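# A closer look at the structure
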Amino acid sequence: ELLEKLDFAKMGLSDALLENLSQLNYTKPTHIQTKIIPLFLEGKDIVACSKTGSGKTAAYMIPLINKLKCHSGVIGTRALILIPSRELALQTSKCIRELIRGTDLKYAIVIGGHDYEGQFDSLASNPDILIATPGRVMEILQETKFTLTKVEHLVIDEADALFEMGFAPQIREILKRVSTKRQTMLLSATIPAELSQF
């Protein structure tokens, strides 16, 4: 199958990104990455189900960074990554930090259990990418002038966990506040009934 023969150098990725992947010893994409990366680069909406540890985070982060390219002077976050937990947020931020080396892209994290004021301050840097838990996003939207109207890419990561934790109402509300022209990606280890209906 053609997809199985793809490697990172043949995917049309930027030189800076390929250099970062090389330094991280990412040489051959995992199965899920060979499926997702080309579709994401084409601008397709994606639902991906794959077990934990299969490389889903890099599968969306690599093409996302490639598409964002560089920091935008326009005010407004361009990519929103919704995640269920502080731990996953920190893992995701580590992946971003490693993959944006050599670019001027900016990111911020807004999650429960962390310094509230510091998180608000981090939004002042006009991050290109925002990693957030749905509850904290809603708090920020309600308490500040922050908006999601410039979001071009919405990633719902570990969607099964988000739904199990009762975040479906917040996710539905966030969907109303991002551009209808966005590219949406949903990743999950399983697809339970509620998530399937969503």
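A brief report on the enclosed structure follows. From a predicted model like this one, the values you see are computed outputs, not experimental measurements. Starting afresh in each chain, residues are numbered from 1 along the sequence in its written order. For this predicted model, a pLDDT threshold of at least 70 governs which residues receive local features, and a threshold of 80 or more governs which side-chain atom pairs are given and counted, while totals over whole chains, interfaces and linings are taken from all residues. Each side-chain value is worked out from all heavy atoms of the structure, with water and hydrogens disregarded.

This paragraph deals with the overall build of the chain. The helix and strand inventory of the chain stands at 10 helices and six strands. Radius of gyration means the value over C-alpha atoms here, while the globule rule gives 2.2 Å times the residue count to the 0.38 power. Relative to its length of 198 residues, the chain is compact, with a C-alpha radius of gyration of 16 Å against a globular reference of 16 Å. In terms of principal-axis extent, the alpha carbons of the chain reach across some 50 × 40 × 30 Å. Burial classes follow relative accessibility: with a 1.4 Å probe on protein chains only, a residue under 20% of its type's maximum area counts as buried, one over 50% as exposed, and anything between as partly exposed. Of all 198 residues assigned to the chain, the portion counted as buried reaches 49%. Throughout, a residue-residue contact means that at least one pair of heavy atoms, one from each residue, lies within 4.5 Å. Across the chain, the fraction of contacts at a sequence separation of at least 24, relative to all contacts at a separation of at least 6, is 72%. Within the chain, the 23 negative side-chain charges are centred at a point lying 4 Å from the centre of the 23 positive side-chain charges. Per the convention used, a helix needs a DSSP run of H or I reaching at least four residues, while a strand needs a run of E reaching at least two, with both numbered from the N terminus. Positive: Lys, Arg. Negative: Asp, Glu. His and the chain ends are not part of the count. Every charge is mapped to an atom, namely NZ of Lys, CZ of Arg, CG of Asp or CD of Glu.

A helix is expected to span 1.5 Å multiplied by its residue count minus one. Along its 13 residues, helix α4 (residues 56-68) runs 19 Å from first to last C-alpha, staying within 8% of the 18 Å computed at 1.5 Å per residue. The buried fraction of α4 amounts to 11 of the 13 residues, a majority that puts the element mostly inside the structure. With its phi angle positive at about 65 degrees, Lys69 sits one or two positions after the end of α4.

All right, on to the nonpolar core then. To define a nonpolar core, start from buried Ala, Val, Leu, Ile, Met, Phe, Trp, Tyr and Cys residues and group those joined through side-chain atoms within 4.5 Å. Counting 36 residues, the largest nonpolar core has Met61, Ile62 and Ile81 as its most contacted members. Counting only elements with at least two residues in this core, the list comes to α2 (15-23), α3 (31-41), β1 (46-49), α4, β2 (79-82), α5 (86-99), β4 (129-132) and β6 (183-188). If you tally residues by element for this core, the top one is α4, at eight residues. In this structure Ile81 touches Tyr60, Met61, Leu64, Thr92, Ile96, Ile129, Leu130, Ile131, Ala132 and Val155, once residues within four positions along its chain are discounted. Membership of the second largest hydrophobic core comes to 27 residues, among which are Met138, Leu141, Ala168 and Ile171.

The next subject is the pattern of salt bridges. Salt bridges are counted wherever a side-chain nitrogen of Lys or Arg sits within 4 Å of a carboxyl oxygen of Asp or Glu. Enumeration according to the criterion identifies five salt bridges in this entry. Here Glu98 makes a salt bridge to Lys94, at a shortest N to O gap of 3.0 Å. Taken as a pair, Glu98 and Lys94 lie in helix α5 at a separation of four residues, close to a single helical turn. The partly exposed category is assigned to Lys94, whose relative accessible area is 44%. Ionic pairing is found between Glu173 and Arg177, a salt bridge with its closest N-O pair at 3.2 Å.

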